[in-house]
Amino acid sequence: MEVLIIGAGIGGLTLGLMLHRAGIACRIFEAASELKAVGVGINILPHASRELCALGLEEALTKVAVITREFCFYNRFGQYIYNEPAGRFAGYDVPQFSIHRGDLQMVLLDAFVARAGADKVVLGHRCTKVDYDGDEAVAYFEDVNGNPLPAQRGTVAISAEGIHSTLRKQLYPNEGPPKYSGINMWRGVTRWKPFMSGASMIRVGWHHPAKLLIYPIRNNIDAEGRQLVNWVCDIETPKYKARDWNRGGNLEDFIHVLEDWKFDWLDVPAFIRASDAILEYPMVDQDPLPRWSFGRLTLLGDAAHPMYPRGANGAAQAILDCRALSDALAANADPLAAFKAYEDKRRPATSAVVLANRSAPPDAILHEVYRRTGDKPFKNIDDVISREELVALSESYKRVAGYDKERLQARG
Ligand SMILES: Cc1cc2nc3c(=O)[nH]c(=O)nc-3n(C[C@H](O)[C@H](O)[C@H](O)COP(=O)(O)OP(=O)(O)OC[C@H]3O[C@@H](n4cnc5c(N)ncnc54)[C@H](O)[C@@H]3O)c2cc1C
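**Structural notes on the packing of aromatic side chains**
Then step 1. Scanning the model with the defined rule gives 16 aromatic pairs in all.
Then step 2. Geometrically, the ring pair formed by W192 and F271 is edge-to-face, given 5.3 Å between the ring centres and 85° between the ring planes. Note that W192 is positioned in strand 13 (residues 179-192) and F271 in helix 7 (residues 268-273), a separation of 79 residues in sequence.
Then step 3. Take W192: its relative accessible area is 23%, and that puts it in the partly exposed class.
Then step 4. Given a relative accessible area of 0%, F271 falls into the buried group.
Then step 5. Through a chain of ring-to-ring contacts, the aromatic side chains of Y74, Y80, W192, F195, W261, F263, W265 and F271 assemble into a single cluster.
Then step 6. Over the face of the ring belonging to Y140 we find K129, whose NZ or CZ atom lies 5.3 Å from the ring centre.
Then step 7. Cation over ring: R291 sits above F294, and NZ or CZ is 4.0 Å from the ring centre.

**Quick word on the site of the ligand**
Then step 1. Within the structure, the ligand sits among 30 residues, and G11, E30, V40, R101 and D302 are positioned closest to it.
Then step 2. Here D302 contributes a side-chain N or O atom positioned 2.5 Å from an oxygen atom of the ligand.
Then step 3. Look at the ligand: alone it shows 920 Å² of surface, and the protein chains cover 89% of it.
Then step 4. At 3 residues, the largest contribution of residues to the shell around the ligand is made by helix 8 (residues 314-331).

Each value, and the rule that gives it
- Residues numbered from 1 in each chain as written.
- Predicted model: local features only at pLDDT ≥ 70, side-chain atom pairs only at ≥ 80, totals over all residues.
- Heavy atoms only, no water.
- Phe/Tyr/Trp six-rings, centres within 6.5 Å; stacked < 30°, edge-to-face > 60°.
- Helix = DSSP H or I, 4+ residues; strand = E, 2+ residues; numbered from the N terminus.
- Buried < 20%, exposed > 50% of the residue type's maximum accessible area, 1.4 Å probe, protein only.
- Lys NZ or Arg CZ within 6 Å of the ring centre and 35° of its normal.
- Near = heavy atom within 4 Å.
- Polar contact = N/O pair within 3.5 Å; in protein donor to acceptor, adjacent residues only side chain to side chain.
- Areas by Shrake-Rupley, 256 points an atom, 1.4 Å probe, with all protein chains shown as cover.

Written out as structure tokens, the structure is:
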């Protein structure tokens, strides 16, 4: 068996590592002519970090990431609502990593190249179509200038192309544009002195007027011991531009909403103004698909289940897909039976996360407090919502996304 993986992002590289571990040959084809550390912050929650640690990557990740210590929730007046520990601090057997997406991609790439060989990552190959020829998948490619490249044959092809998947479009030509949530997002990274625990993932406020997510992703980046701190500002608005991870954003479009967010732990407007660069993208997703596998082609990661980036689950669910798919390919001599087993396991699970991110995400805590207080400061949080309710809201998302501690530990 040889697996053709299309896309050397988080999913494609993780799948490569898992197939290599299972003794299954693969090659990864990537559209970009060079893999650069693009993107900003990403969180690897315990269900996914467990898979990466099992691949022997804990040490490499620990060198470049921040080991997340806690989740903290505040309203927009800076009033404390709720806090809970994260990763090993919460009793999981693995850490949670807050990491630059590029650093994660480079850790995966380095490990894959060291284990499988540099020739197994083929750059500058944009896949345009996958066909089937008897027992083989045939993938067609073009270079960065749009010139055709020789077709490649394998036993199966996996689209790990992310949100702009060409192969998803091949399978679902009439799907239509992504669905806008009504929330536009601005994000960036700021070099800043550690604050709070120096490893806190902090959520503040609700989308009207604004919600902020802040967490550090690199430690000790300079002589002053500053960190690289990721931030995302969500604002409810009908105005948005097409989804593009690299689209630049303007400070003037949103900073006015944050001007009085000056807390004793962070001067938010000063922090945002110090950002290296600002990116902008809409919170969009697509409805869960009825089917991922067609003949010798299947979908994985964002290509299979694009979701709102609000539960730190985009990369995590891609990593869990990889585990299910590599297990299924290792256990089934017939790749089509493997696809069926993979899809039976992962399609319902990821559909539930897509829908939970729409209706009951982990920041539902903030929505509940916003709703009950009418977006006004409170005297005592216990008069607004009980600790038990807060815990229940947090635990319910963990169960849907698959990182509730008991079930995860029980899996072994
Ligand atoms: C440039 C970029 C920046 C991102 N920044 C963030 C971020 O800051 N925070 C965050 O939470 N998530 C970010 N993401 C998304 C995040 O990586 C994914 O949600 C998640 O990791 C799922 O991974 P994936 O493998 O499905 O897709 P991705 O990690 O997006 O990887 C897809 C890969 O496929 C390649 N590709 C696409 N089409 C083709 C084709 N036809 N042929 C060959 N190769 C192709 C792409 O170049 C990319 O390398 C970013 C993605 C990208 C591509």
